[in-house]
Amino acid sequence: MERVWESIVAIPTRALGKRYGAAHSVDKQRVTQALAEYRRFLALKVLERDFDDRRIGAPGPVLKLWRLHVLDTHAYAAATAALCGCYIHHDPDADTDEARRRRRAHRALGAYRAHFSEAPPPDVWDFGEIGAPPRADEPEEDETPASKRARPSQLDVTVQAPGAEITTVSLRSDELGSELLSRYAELTGCRPTGAHEL
């Protein structure tokens, strides 16, 4: 969890927050709160391995931020790759079926409590009327078993520093970009200079 959280905190969100505030006439305090909860939402997506947007639903403010982030394709792709090594997909039709929407909302709220050991703030994590949680014996047709959910795979990244040989660095896709830089430094003897934002 700590490693996932460190990756999430490193995601640049200043421009995203400005776009959200302007698009939805939200004051700075609410933007800050929504961004904090959006980060937690991304953590839940990774921790629950919901890379195809089947399990965890997003509440209103978080969904609005997520959609703005997805539209900034370059930043979103870089952020999710650095976070978990793969793209975290957004399905705009995921909540069109009411029963599925309720299940996804209950899963999100349950995962939030389980991973963060606290209840989510109700002013951000409000899904509207979702009824009682589904019974454990209710079938979930849209459920993908944990054993079949997307798993990070290996990445082969070709890197070249100025004046150095081209080098291919292999790492698991769930490893962080900082690990890529460290592995490259080990292989080539080149040391990264300054902070690099992924």
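A few points on the structure. (Residues numbered from 1 in each chain as written. Predicted model: local features only at pLDDT ≥ 70, side-chain atom pairs only at ≥ 80, totals over all residues. Heavy atoms only, no water.)

Concerning the overall build of the chain
Broken down by element type, the chain carries seven helices and two strands. N-terminal to C-terminal, the α/β element order of the chain is α-α-α-α-α-α-β-β-α. Buried positions account for 41% of the 198 residues belonging to the chain. Taking as baseline every contact in the chain between residues at least 6 positions apart, the subset at least 24 positions apart corresponds to 60%. Carbon and sulfur atoms provide 52% of the accessible area of the chain, an area that totals close to 11,400 Å². (Helix = DSSP H or I, 4+ residues; strand = E, 2+ residues; numbered from the N terminus. Buried < 20%, exposed > 50% of the residue type's maximum accessible area, 1.4 Å probe, protein only. Contact = heavy atoms within 4.5 Å. Areas by Shrake-Rupley, 256 points an atom, 1.4 Å probe, with all protein chains shown as cover.)

Points about unusual backbone geometry
Notably, serine 25 is not glycine yet its phi reads approximately 50°, a positive angle. Examined against the element boundaries, serine 25 turns out to sit in the loop between helix 2 (14–24) and helix 3 (28–47). One non-glycine residue, arginine 49, lies in the positive phi region at around 55°. Among the structural elements, arginine 49 can be located in the loop between helix 3 and helix 4 (60–71).

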